[in-house]
Amino acid sequence: MNHCTNEERINSYDNSILYTDYFIKKTIDHLRDKNAIVIYSPDHGESLGENGRFLHGTHNADEQIA
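Caption draft 1: Structural detail: the overall build of the protein. A count of helices and strands for the protein gives two helices and two strands. Its helices and strands taken in sequence order, the protein reads α-β-β-α from the N to the C terminus. In the protein, 21% of the contacts between residues at least 6 apart in sequence involve partners at least 24 apart. With an accessible surface of roughly 5700 Å², the protein has 54% of that area assigned to carbon and sulfur atoms.

Printed below as a string of structure tokens:
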């Protein structure tokens, strides 16, 4: 984590969310005329430096569980 600036870490996370949104939209568009259900369930949030925490796996980090 030391080789990236905080702005780069946040941009990287934001880009991963944008790609996820893109992928979900493409999946829904592909299945739009089908008899199908799409369920998306993210498994966790991410800490991007709040209170000195990075990444995920901290059980008491509000940004990961809210």
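Back to the text.
Caption draft 2: Representation of a nonpolar patch on the surface within the structure. Together, Tyr19, Tyr22 and Phe23 give the surface a local cluster of nonpolar side chains, amounting to about 380 Å² of exposed area. Position of Tyr22 among the secondary structure elements: in helix H1 (residues 6-31).

Caption draft 3: Representation of the packing of aromatic side chains within the structure. Summed over the entire model, instances satisfying the criterion amount to one aromatic pair. Aromatic pair Tyr19 and Tyr22: ring centres 5.8 Å apart, planes at 40 degrees, arrangement tilted. Residue Tyr19 and its partner Tyr22 are located together in helix H1, separated by three residues, close to a single helical turn. Tyr22 gets classed as partly exposed once you look at its relative accessible area, which sits at 47%.

Caption draft 4: Spatial organisation of the pattern of salt bridges. Counted by the stated rule, this structure contains two salt bridges. Among the ionic pairs, Arg32 bridges to Asp29, the shortest N-O distance being 2.6 Å. Under the relative-accessibility criterion, Asp29 is labelled partly exposed at 32%.

Conventions and cut-offs
Residues numbered from 1 in each chain as written. Predicted model: local features only at pLDDT ≥ 70, side-chain atom pairs only at ≥ 80, totals over all residues. Heavy atoms only, no water. Helix = DSSP H or I, 4+ residues; strand = E, 2+ residues; numbered from the N terminus. Contact = heavy atoms within 4.5 Å. Areas by Shrake-Rupley, 256 points an atom, 1.4 Å probe, with all protein chains shown as cover. Patch = residues over 30% accessible without salt bridge, like charges linked within 9 Å, V, L, I, M, F, W, Y side chains within 5 Å. Salt bridge = Lys/Arg side-chain N within 4 Å of Asp/Glu carboxyl O. Phe/Tyr/Trp six-rings, centres within 6.5 Å; stacked < 30°, edge-to-face > 60°. Buried < 20%, exposed > 50% of the residue type's maximum accessible area, 1.4 Å probe, protein only.

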